[in-house]
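Overview (structure and organization)
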Amino acid sequence: MSDNGPVQVRCPVLNVRRVDAYYAITVVAPGIAERFRSGQFVSVAVGGDHSSTLLRRPFAVHDVKPDYGGTVEFLFSVRGTGTAWLAERRSRDLLDVVGPLGRPFPLPRDPVNCVLVGGGSGSAPLFPLAQSLRRRGCRVDFVLGGASADRVFSAITARRIAETAVFTTDDGSFGTRGRVTDVLGRVIEECRSDAVYACGPMPMLRAVTAVAAGHGVPVQVSVEETMACGTGICMTCVVPVVGEDGVTRMVRSCVDGPVFRGEQVRFDDVGTIPFDALGAPGWKGSSAARATESTRDIA
Amino acid sequence: MSDNGPVQVRCPVLNVRRVDAYYAITVVAPGIAERFRSGQFVSVAVGGDHSSTLLRRPFAVHDVKPDYGGTVEFLFSVRGTGTAWLAERRSRDLLDVVGPLGRPFPLPRDPVNCVLVGGGSGSAPLFPLAQSLRRRGCRVDFVLGGASADRVFSAITARRIAETAVFTTDDGSFGTRGRVTDVLGRVIEECRSDAVYACGPMPMLRAVTAVAAGHGVPVQVSVEETMACGTGICMTCVVPVVGEDGVTRMVRSCVDGPVFRGEQVRFDDVGTIPFDALGAPGWKGSSAARATESTRDIA
Amino acid sequence: MNADLRVRLGALELPNPVVTAAGCAGTGRELAHFFDIASIGAVTTKSVMLEPHAGRPSPRMAETPSGMLSTTGMQGPGVDVFLQRDLPWLLSRGGRAIVSVAGSSLGEFGELARRVSGTAGVDAIEVNLSCPDPETPSGRRFADDPARAAAVVRTVRSHARSEVPVLAKLAADVPDVVELAEACAEARADGLSMINTVRGMAVDTRTLRPAVAGGMGGLSGPAIRPLAVGCVYRVHEAMPDMPIIGMGGVRTGADVVEFMAAGASAVAVGTVNFSDPSACARVLREFTESLEARGVSKASELVGAAHRQGT
Amino acid sequence: MNADLRVRLGALELPNPVVTAAGCAGTGRELAHFFDIASIGAVTTKSVMLEPHAGRPSPRMAETPSGMLSTTGMQGPGVDVFLQRDLPWLLSRGGRAIVSVAGSSLGEFGELARRVSGTAGVDAIEVNLSCPDPETPSGRRFADDPARAAAVVRTVRSHARSEVPVLAKLAADVPDVVELAEACAEARADGLSMINTVRGMAVDTRTLRPAVAGGMGGLSGPAIRPLAVGCVYRVHEAMPDMPIIGMGGVRTGADVVEFMAAGASAVAVGTVNFSDPSACARVLREFTESLEARGVSKASELVGAAHRQGT
Ligand SMILES: Cc1cc2nc3c(=O)[nH]c(=O)nc-3n(C[C@H](O)[C@H](O)[C@H](O)COP(=O)(O)OP(=O)(O)OC[C@H]3O[C@@H](n4cnc5c(N)ncnc54)[C@H](O)[C@@H]3O)c2cc1C
Ligand SMILES: Cc1cc2nc3c(=O)[nH]c(=O)nc-3n(C[C@H](O)[C@H](O)[C@H](O)COP(=O)(O)OP(=O)(O)OC[C@H]3O[C@@H](n4cnc5c(N)ncnc54)[C@H](O)[C@@H]3O)c2cc1C
Ligand SMILES: Cc1cc2nc3c(=O)[nH]c(=O)nc-3n(C[C@H](O)[C@H](O)[C@H](O)COP(=O)(O)O)c2cc1C
Ligand SMILES: Cc1cc2nc3c(=O)[nH]c(=O)nc-3n(C[C@H](O)[C@H](O)[C@H](O)COP(=O)(O)O)c2cc1C
Ligand code: FES
Ligand code: FES
């Protein structure tokens, strides 16, 4: 009902493409396209009306176009049942899509230099981000990694959009052998980066955050936790995040994230409840802290 | 493994047709086609590999053709989830089909006069039966009924194959208004029928059996019980049937049927365990009865 | 035909029987993007505790056939924040509120009952009896012992303002749900909600580790619907006058009919809100259509229909 | 690589861990159309009683989300016919036989144990503890009371020839499955099978009547797998040396891995035989392939893996 909140639509598939190790699905979804801001994701019902796989699958939005009133593209690798089913969709099939979900990437006010770091399919949300940054006059550089050449996503697009683009693969089949963090420091130096944006598996985000901190550059990370609802009601997607007030809270990555400031995510404590987190056994609940809590905005 | 037992095959859909209120699906299934005898059925998995609808749906075989090594056609009306899913199949989709299942209609040794009585989609198995009877030189007459004109199945084919064909509808929109049993007695008289074959809902089978008995003509009925397995292992499809030895047994309609001699089915007791059924509280288990039991053949 | 959708749970009248299940709809705020929260029977809010709780470590969920396992462990902001921030929002949108409370002692339950029932606009209190009872070793739940469950209900009933109905939320995986229901009735519960999630587990076959942290989780979703319908049926059979909110795997309007026929006066949508954020509105629409197709003029006529011969 | 598929349940060695669940495979005869019955670990036969039984009225089944409800009520020909007609057929095809027995009194269980274990070729006896115990009012099952369950197991163990292993088949919907398992172990069960169907119900929304005759039925199929895995995990945790046959919703080779990791030494396919008559052979093939993909050389290494840190 609220104006820029998410919507749920049954939308026709415009096309399904193979891109290296990935599939890209484009759906016609004007309501989602018009609300979208980069960094947000959609969640897709899989398996049809009588499927035994109840839960939606979350995917970052890779592209939004004005065609047909507004299209949304997402991109995925086949991992299990849900993505296998999606890979079999054909144009004109209907998909039940909810979006846009989550907090978008915050954009710099000024035309600063940004380096965008992605691992595998985690690179997807960086492309609309790159466009937004370019529109604001920012310099964009890419560092994209993957297990092998066919898992480095959209190298050509990256080269086209960005000032520079550096690639790494675990097996050395493309670009530098190694990880994105092996080259990130050098890129930050050479490109005089003012900000880092990163997307990919948790260990990568942790390492990127460390490199950025080492160079005194702020970093925004987009995390990938398992999500039952994607809309903020199930509390299954929480990560420990330190707030402005210094208090660690178990926050929902779907509505309070998926984008967080890297140094606020307690990466070492992911998968645990930090002892001092709000409401954890070691938490010193002051009445002041509680008062703040009452006025904190929730999504 | 056994030679003329059922087989399980993933078979391509050749086509899906609408026929009045029904859908007809033809699949390429040489193994089933070659084993098939009229009166047998197939069971079809519905909803795909990750469907929440676990159980197969049983359908009588309506036609078998030699094309493509052997095709099998079945016919259905949309009733619930499974049939709704089937109605959406397209040629080249794969269906997981098991068959042929069940005991076929026994065929008369001599070229006698047979009347075939069907209600709604229950008429389907009568068509291959008519063909088999004709091949043996039997005279075939049809009595087909349905709720309305579009539910009387294959009137044209019936007219073509049979000596005579009489139709009834509940609403009078086609043929005689009323039920098949309103006209059956007259047909038996006029066609000097020696045997009746009937297929349809339980109350119809009961009434047909009564009419046939009234005319002193033997009747074979094909029953439709809900079936979890269709192969004889779950014991959910039982009906009370009196054996040659006078003992009532709860027999499996999937492997001991679906075809029974009408007068052996205890129609009034369907949905109950008759007090005197083998193993029921009122059963007088003699050691003789038990001895017979040990040597009785099971499917 | 316009069917009369109103249903009555003792003193509590709802405009229609579709409500949300506790912990499966937040306080309504997030779902309000997808439908008008005032259009459904009521919102049952996430069980609130006296103090803030951080909940359990992740992974907190795993998908299972037609269901999911979860372990959120009562994460929440505590009753103060709930009453100051969350409840007012719901009421401001015209939502009806059934407030679920979770305590870790009789004292806490009593205090919660006092605080919650003392706040204007609360339609009913639901008592989550699946909280671990600290007085038993090995974390058994209050619901595991009818006497302890009754003690909780009695405490809540005596601390809550008398005009606020108290519903006892039962677990299904107990020795005898009818015995539990009877104990709660004796302790003056005004109604019963059933069922909570059922304990289960999954192993992640990639890692060979339990799929949710801590091993055991709560199973919910359509997979458990037959267990839930069975509990509602048996309890309604034993105590036909006790109002019941049925829940467990409701996905469609037909499922509402099923629960009502088994004996429920209202029906909650839980896990399916996760997979379909418009579910409550859709289920209500489907239910209304099915009443019309059946020619039933009052929704309440369906309650207990499966117990009556020859319906 | 050729993985070693052999598994051991106490004294009973099976060539591989895939067996059929009682009542879900007849005596193997019907499934033999679809695969070689000697190729799987064993066939657990439908629970046999001393006398013929006609079972329960129909409708006997209803489909539910990822599962089914059934009430067949132990229909069967009695032990004489079973031993003269059905068992010999299975043995003649090279099948291994775990014979499930169901009694309505301790005396009957003892007699069944004597007769069945006295027949050559029986690999093990499985004791169905979900039979109603005539000594309790309202048809509670032996499994509902650990002491009564233990009495049955003790009776069977003392009447059966000592070289024939006795497995106790547990129900999941009991107050405490670990307590039940421990009582059976104390009564000298050589192994445990779990779980049986879970009581539930469905209402036919067309007729508004219970979907299976008599109302309550037994829920089986993938829907209950998390309950089953949870029971296996908890019992294996409490008694790691007790051999377990795990079952409940097994559909794929990955499900076998899941049950073994939770603590089962063998895994039974039940309801899925109904929907896929080749299931046992397919599941065994998928399981074998997954061992190879994991580089596990012995199936038995998986047993209990989910209990070990860092696997
Ligand atoms: C915010 C967000 C954005 C994402 N964007 C992308 C993207 O752009 N491209 C892409 O390929 N993948 C993306 N993922 C991961 C994607 O959601 C999973 O690959 C997908 O859910 C796997 O589904 P499945 O049925 O094939 O796998 P299964 O393993 O069968 O899924 C079982 C359950 O686990 C969950 N799950 C499995 N893997 C993941 C994962 N890596 N992250 C979260 N949940 C998981 C599923 O959602 C499902 O509930 C994103 C995840 C999140 C949280
Ligand atoms: C031997 C046999 C032959 C049959 N032949 C035909 C045929 O040729 N054409 C045709 O249209 N129908 C036939 N039926 C009925 C057909 O099986 C059902 O219409 C179909 O199973 C309905 O499935 P559904 O998912 O659409 O309905 P749902 O109501 O959603 O099904 C739920 C469950 O009930 C069972 N069920 C529902 N209706 C019936 C029924 N009438 N008989 C048996 N089980 C039922 C289903 O198999 C399923 O397990 C036959 C049934 C049997 C037993
Ligand atoms: C993630 C999650 C959180 C839940 N939280 C609560 C809770 O706080 N209090 C409660 O009484 N029940 C809670 N439940 C149980 C539900 O209210 C409901 O009883 C149960 O899930 C069965 O309904 P369903 O199958 O429709 O989800 C929760 C269930 C889930 C899945
Ligand atoms: C139709 C049917 C009949 C069954 N008969 C028996 C039985 O005779 N004895 C028994 O111990 N278990 C019986 N069971 C229970 C199964 O053996 C098994 O424990 C249960 O169904 C769970 O496994 P599944 O989900 O794979 O079916 C039966 C189950 C079904 C569905
Ligand atoms: S996925 Fe449900 S709250 Fe985030
Ligand atoms: S349907 Fe299973 S025995 Fe007939």
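Everything numeric in this text was worked out from a predicted model, so none of it was measured. (Residues numbered from 1 in each chain as written. Chains lettered and ligands numbered in written order. Predicted model: local features only at pLDDT ≥ 70, side-chain atom pairs only at ≥ 80, totals over all residues. Heavy atoms only, no water.)

Scanning chain C for helices and strands turns up eight helices and 16 strands. For a compact globule of 311 residues, the expected C-alpha radius of gyration is about 19 Å, and chain C comes in at 18 Å, within 12% of that figure. Surface exposure of chain C reaches about 9,700 Å², of which carbon and sulfur atoms provide 49%. The centroid of the 30 positive side-chain charges in chain C is displaced by 3 Å from the centroid of its 33 negative side-chain charges. (Helix = DSSP H or I, 4+ residues; strand = E, 2+ residues; numbered from the N terminus. Rg over C-alpha atoms; globule rule 2.2 N^0.38 Å. Areas by Shrake-Rupley, 256 points an atom, 1.4 Å probe, with all protein chains shown as cover. Lys, Arg positive; Asp, Glu negative; His and termini not counted. Charge placed at Lys NZ, Arg CZ, Asp CG, Glu CD.)

All right, on to the side chain of Asp-256 of chain A then. Residue position: Asp-256 of chain A is located in the loop between strand 14 (248–252) and strand 15 (259–261). Not counting residues up to four positions away in its chain, the partners in contact with Asp-256 of chain A are Arg-103 and Val-251 of chain A. (Contact = heavy atoms within 4.5 Å.)

Spatial strand order, 5-6-14-11 (chain C): four strands in an open sheet with antiparallel pairing. The two strands at the open ends of the sheet, each matched to only one other strand, are strand 5 (61–64) and strand 11 (198–200) of chain C. Between one strand and the next, the sheet's axes are offset by a mean angle of 35 degrees, whatever the strand orientation. Where strand 5 of chain C and strand 6 (residues 67–70) of chain C come together, four bridges link them in antiparallel fashion. When the bridges of strand 6 of chain C are listed, Ala-62 of chain C appears paired with Leu-69 of chain C. Relative to the sheet, helix 5 (residues 225–238) of chain D contacts strand 5, strand 6, strand 11 and strand 14 (217–220) of chain C, its axis offset from that of strand 11 of chain C by approximately 60 degrees. (Pairing = 2+ DSSP bridges. Axes fitted to C-alpha atoms, helices over the stretch in contact; angles between N-to-C directions.)

With that out of the way, let us pick up the UniProt feature "active site" (unreviewed entry) in chain C. All names here are of chain C. Here the UniProt feature "active site" (unreviewed entry) sits at Cys-131. Following the sequence through the fold, Cys-131 ends up in the loop between strand 8 (122–128) and helix 3 (146–159). According to the relative accessible area criterion, Cys-131 is buried, its value standing at 3%. Not counting residues within four places of it along the chain, the set of residues in contact with Cys-131 comprises Met-74, Ala-102, Gly-103, Phe-109, Arg-140, Arg-141 and Phe-142. (UniProt positions renumbered as here; feature names shortened; annotations may be inferred. Buried < 20%, exposed > 50% of the residue type's maximum accessible area, 1.4 Å probe, protein only.)

To continue, consider the interface of chain C and chain A. You'll often see interface size given as the accessible area lost when the parts meet. Taken together, the contacts link 46 residues of chain C with 44 residues of chain A. When chain C packs against chain A, the two sides together hide about 3,800 Å² of surface, and 57% of this comes from carbon and sulfur. The tally of links between chain C and chain A comes to two salt bridges. Between Arg-57 of chain A and Glu-63 of chain C there is a salt bridge, and its shortest N-O distance comes to 2.8 Å. Applying the counting criterion to the chain C and chain A interface returns eleven residue pairs in polar contact (both at pLDDT 80 or more). Broken down by secondary-structure element, the contributors of at least two residues to the side of chain C that touches chain A are strand 5, strand 6, helix 1 (79–92) and helix 7 (272–275) of chain C. Counting residues per element, the side of chain C that touches chain A draws most heavily on helix 1 of chain C, at five residues. Here the side of chain C that touches chain A is composed, by residue class, of 16 nonpolar, 17 polar and 13 charged. (Buried area = accessible area lost by both parts, 1.4 Å probe. Salt bridge = Lys/Arg side-chain N within 4 Å of Asp/Glu carboxyl O. Polar contact = N/O pair within 3.5 Å; in protein donor to acceptor, adjacent residues only side chain to side chain. Nonpolar A, V, L, I, M, F, W, Y, C, P; charged D, E, K, R; others polar.)

All names here are of chain C. Close to ligand 3 lie 21 residues, the nearest being Ala-22, Ser-47, Gly-221, Gly-249 and Thr-271. With respect to ligand 3, the side chain of Asn-128 contributes an N or O atom lying 3.0 Å from a nitrogen atom. At 2.9 Å, a side-chain N or O of Lys-169 approaches an oxygen atom of ligand 3. When isolated, ligand 3 has an accessible area of 600 Å², and the protein chains bury 98% of it. Grouping the constituent residues of the shell around ligand 3 by class yields seven nonpolar, twelve polar and two charged. (Near = heavy atom within 4 Å.)

All right, on to the pattern of salt bridges then. All names here are of chain C. If you walk through the whole model with that rule in mind, you get 72 salt bridges over all chains. Across the pair Arg-282 and Glu-286 runs a salt bridge, and its minimum N-O distance is 3.2 Å. Residue Arg-282 and its partner Glu-286 are located together in helix 8 (residues 279–294), separated by four residues, close to a single helical turn. Residue classification places Arg-282 among the buried positions, given a relative accessible area of 16%.

All names here are of chain C. Cross-referencing UniProt, the feature "binding site: FMN" (unreviewed entry) maps to Lys-46, Ser-47, Asn-128, Lys-169, Ile-195, Gly-221, Gly-248, Gly-249, Gly-270 and Thr-271 in the present numbering. Topologically, Ser-47 is positioned in strand 4 (residues 43–48). Residues contacting Ser-47, with those up to four places away along its chain left out, are Met-74, Ser-100, Ala-102 and Asn-128. At 2.6 Å, the side chain of Ser-47 and the side chain of Ser-100 are in polar contact. Tracing the sequence through the fold places Gly-270 in the loop between strand 16 (266–269) and helix 7.

Let us now look at the packing of helix 5 (residues 180–190) of chain B against helix 6 (residues 202–214) of chain B. Residues and elements named next belong to chain B. Running from amino to carboxyl end, helix 5 crosses helix 6 at an angle of 25 degrees, the nearest separation of the two axes being 10 Å. In terms of axis orientation, helix 5 runs roughly parallel to helix 6. By crossing handedness, the relation of helix 5 to helix 6 is classed as right-handed. Along its contact with helix 5, which presents Val-180, Thr-181, Leu-184, Gly-185 and Ile-188, the element helix 6 presents Met-204, Ala-207, Val-208, Val-211 and Ala-212. Residue composition of the contact of helix 5 with helix 6, grouped by class: eight nonpolar, two polar and no charged. (Parallel < 35°, antiparallel > 145°, perpendicular 65-115°, else oblique. Left-handed = near helix turned anticlockwise from the far one by under 90°.)

This brings us to the UniProt feature "binding site: FAD" (unreviewed entry) in chain A. All names here are of chain A. Per the UniProt record, the feature "binding site: FAD" (unreviewed entry) sits at Gly-82 and Thr-83. Counting through the fold element by element, Gly-82 comes out in helix 2 (residues 81–87). Note on Gly-82: relative accessible area 3%, which makes it buried. Among residues more than four places away in sequence, those in contact with Gly-82 are Val-46 and Arg-57. Mapped onto the elements of the fold, Thr-83 is located in helix 2. Note on Thr-83: relative accessible area 9%, which makes it buried. Among the polar contacts listed, one links the side chain of Thr-83 to the backbone nitrogen of Arg-79, at a separation of 2.7 Å.

Every contact between the two is made by 46 residues of chain D and, on the other side, 44 residues of chain B. Of the roughly 3,800 Å² buried at the junction of chain D and chain B (both faces included), carbon and sulfur atoms supply 57%. Counting across the chain D and chain B interface gives two salt bridges. Connecting chain D to chain B are eleven residue pairs in polar contact (both at pLDDT 80 or more). Of all the elements in the fold, those that place two or more residues in the side of chain D that touches chain B are strand 5 (61–64), strand 6 (67–70), helix 1 (79–92) and helix 7 (272–275) of chain D. For the side of chain D that touches chain B, the element with the most residues is helix 1 of chain D, which contributes five residues.

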